[in-house]
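Observations on the three-dimensional arrangement
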Amino acid sequence: MTTLVPVTYKGGVYRHDEIMDLIDDLGGYIVQKHVMAQDVVLQSFVPRDDIEMIRRIAKPLAGEVTEAPLVGTEIAVVSPSLEIHHLPHISCDVAEYLRRSGAKTNMVGLARGFGKRIANLNDEERDVINEHDLAVYALGNFEECIQQKFPVLRREIHVPIVVTGAPDREALMRVIDPPVEGYVGGVGRIMHRFKRPEELAKLDELVDEVSRVLDARRDALAKDPLSVFPPRLMTIIEEQIHEVSMLTHPTPVTAQMEGLRVKLPYDSYADTVRSLEVAEGVTVGDIADVTPSRMRNYILIRIKPFSETRILV
Amino acid sequence: MPPLNYFVVESPDEVGREAYERIVGDVLQDLDLIKVIDRLHIYVDPKVPIFVAVGLLRHMPRAIRIADFANVNRGENEIVLDIGDETYLAPLLQILWAIYGKEHVDQPDRFTVVLPAGVAGDEDLDRLVVADPSETLYKDVIYALQYIAPEGFKVRRQYIREGKFYYVASEDTLPTDIVETAVVPLFEKMGVTL
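Residues numbered from 1 in each chain as written. Chains lettered and ligands numbered in written order. Predicted model: local features only at pLDDT ≥ 70, side-chain atom pairs only at ≥ 80, totals over all residues. Heavy atoms only, no water.

Looking at an unreviewed UniProt entry, one finds chain B named Methanogenesis marker 17 protein and attributed to Methanoculleus methanifontis.

Chain A appears in an unreviewed UniProt entry as Methanogenesis marker 7 protein from Methanoculleus methanifontis.

Details of helix 3 (residues 91-100) of chain A
Threshold: With a 1.4 Å probe rolled over the protein chains alone, any residue whose accessible area is under 20% of its type maximum counts as buried; one over 50% counts as exposed, and the rest are partly exposed. Strands here mean DSSP runs of E at least two residues long; helices mean DSSP runs of H or I at least four residues long; both are numbered from the N terminus.
Regarding helix 3 of chain A, the residues found buried are Ser91, Asp93, Val94, Ala95, Tyr97 and Leu98 of chain A. Gly102 of chain A occupies a position one or two residues after helix 3 of chain A and carries a positive phi of about 105 degrees.

Things to note about the pairing of strand 3 (residues 50-57) of chain B
Residue and element names in this part refer to chain B. The condition is simple: The pairing criterion is simple: DSSP has to find at least two bridges between the two strands.
Most of strand 3 is tucked away: eight of the eight residues are buried. Examined bridge by bridge, strand 2 (residues 37-45) and strand 3 share eight bridges and lie antiparallel to one another. Residue pairing across strands places Val44 opposite Phe51, the latter belonging to strand 3. Hairpin connection between strand 2 and strand 3: a loop of four residues separates the two successive antiparallel strands.

Focus on empty space enclosed by the protein
Using the following cut-off: A 1.4 Å probe that fits but cannot get out identifies a cavity on a 1 Å grid over protein atoms alone, an open set with protein on both sides within 12 Å along at least five of seven lines counts as a pocket, and a residue lines either if it has an atom within 4 Å of a point. Grid points are joined across faces, edges and corners, and a volume is the space filled by probe spheres set on the points. For this scheme, ten residues count as nonpolar: Ala, Val, Leu, Ile, Met, Phe, Trp, Tyr, Cys and Pro. Four count as charged, namely Asp, Glu, Lys and Arg, and the remainder, Gly too, count as polar.
Under the counting rule described, the total for this entry stands at two cavities of 30 Å³ or more. There is about 250 Å³ of room inside the largest cavity. Around the largest cavity sit 19 residues that line it, and Gly140, Cys145 and Lys149 of chain A together with Pro150 and Glu151 of chain B are the ones nearest its centre. Of the residues forming the lining of the largest cavity, the biggest block, three residues, is contributed by helix 5 (residues 143-153) of chain A. Considering only enclosed or pocket space, the second largest cavity measures out at about 30 Å³ in volume. Lining the second largest cavity are Val31, Gln32, Gly72, Thr73, Lys104, Thr251, Val253, Thr254 and Ala255 of chain A. Sorting the residues of the lining of the second largest cavity by element identifies strand 2 (29-36) and strand 10 (253-255) of chain A as the ones contributing at least two each. Here the lining of the second largest cavity gets three residues from one element, more than from any other, and that element is strand 10 of chain A. When the residues that make up the lining of the second largest cavity are grouped by side-chain class, the tally is three nonpolar, five polar and one charged.

Topic: the pairing of strand 11 (residues 259-262) of chain A
All names here are of chain A. Covered by surrounding structure in strand 11 are Gly259 and Arg261 together with Leu260 and Val262, the residues of both alternating faces. Looking at chain direction, strand 10 and strand 11 are connected through three bridges and run antiparallel. Counted as the bridge partner of Thr254 is Arg261 from strand 11. Two elements, strand 11 and strand 15 (residues 299-303), share four bridges in a ladder whose sense is antiparallel. Within strand 15, the residue paired with Val262 across the bridge is Ile299.

Remarks on the sheet that holds strand 2 of chain A
Backbone hydrogen bonds hold the strands of a sheet together, and the pairing may be parallel or antiparallel. All names here are of chain A. For the record, the criterion: A fitted line through C-alpha atoms represents every axis, and for helices the fit uses only the stretch in contact; the resulting angles, taken between N-to-C directions, go from 0 to 180 degrees.
Strand order in this open sheet of four strands is 2-3-1-4, and the pairing throughout is antiparallel. Since the sheet does not close on itself, it has two edges, and those belong to strand 2 and strand 4 (64-67), each with one partner. Between one strand and the next, the sheet's axes are offset by a mean angle of 20 degrees, whatever the strand orientation. Where strand 2 lies against strand 3 (residues 39-47), seven bridges are found, and the strand directions are antiparallel. Pairing of His34 across the sheet is with Val41, part of strand 3.

Right, dumping it as structure tokens:
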């Protein structure tokens, strides 16, 4: 079986359809396509052995192919509030940087995530965060506050968590109990845009930390693979349900590591999605749970592992 | 950090203290208050929890008059205002409309305003006060301190009078004697009595 690796293609609009066809022909998947004025960015999965060929073909078009470890993941950036104290810097800078590495990020601004004693997390916030592959918590400056409030902010969160805060990594590891999956110290409440080299280095460190955590999850998944590769199901849904092409969302179908978020109303489309044929005699309903998402009225598809369905598409 | 004459941040948490020093610098720079604040002393302790900021203001900015941003050219039948800086154009037009009536205030382009000559009082036109930045300055200083203080510290007491200001905030109810116990000692450290 060929190994698909996540890559980002950056190039001009001119003849970019040839690259898209090429990726398709090689058996790869395009997870996201952004057209910005003259430029095109494709977040995609391509066979490892064919990367050099894509590079060669893209060269005359001035396109470049880079490895993007976070393609095909949806990450929640959790900010204690949407007040000026926490936005736009840190949360937006973190979200933007993760996006550059290929992730689809969503900002979750908590209604009452501020304060040491008064912080809390409501059920909607909890469920929305749990719908992601990973949550990055952008916390503040004081060790004392992080120690007191973090247990409340992580209550019932099952997805891996990466915490950022002003205390150094060791201090964060000391005050957070039970431990979380990743820590990035030295990033607290910062009131300016990240631009100095040491600040950008912190963002790189965050991307490394997030990729490390997600790689561990990918390794675990490889032991019991999903019944269908999420980008493959994404392509099928985009081909079969033509309403998807009429949505104005930047990512009408968002790929996650273990599922998809389809931005169609659950009530009207859930049955259509469930009965969609993935391969001969196999429908989406056979290999995945199609559930309502807590995010608006979207559909959340959770693909079941092979061990449960005994089907591998 | 800004050229304040005195600037100290105190905190039992060294990492937090440095972070707040940077936050203060960024916020004062963003809100353009560096020239306004002369001295500032901040104490923040998340264990109590308490945030205290005390300080002194520099002299207040003076009122803005027409002569500060426009040339007044008097002709026989009309007065032409040649606008140098558009910042105060909107309040200027409001005032001129009130004096001359909207139909008599002609603005052929962004930087020119034409008025009829001979209206009573127009000899003092260039001294006319258009805006007074000190009116909003108090609000700006308090807003900056709200912005600097940790967000969860919603219970607060603030004061700004005769060039001195303080801002105390906490997550819990503030004790009644907080000014005597927390604010006065900080003013003393700056060598000022409240």
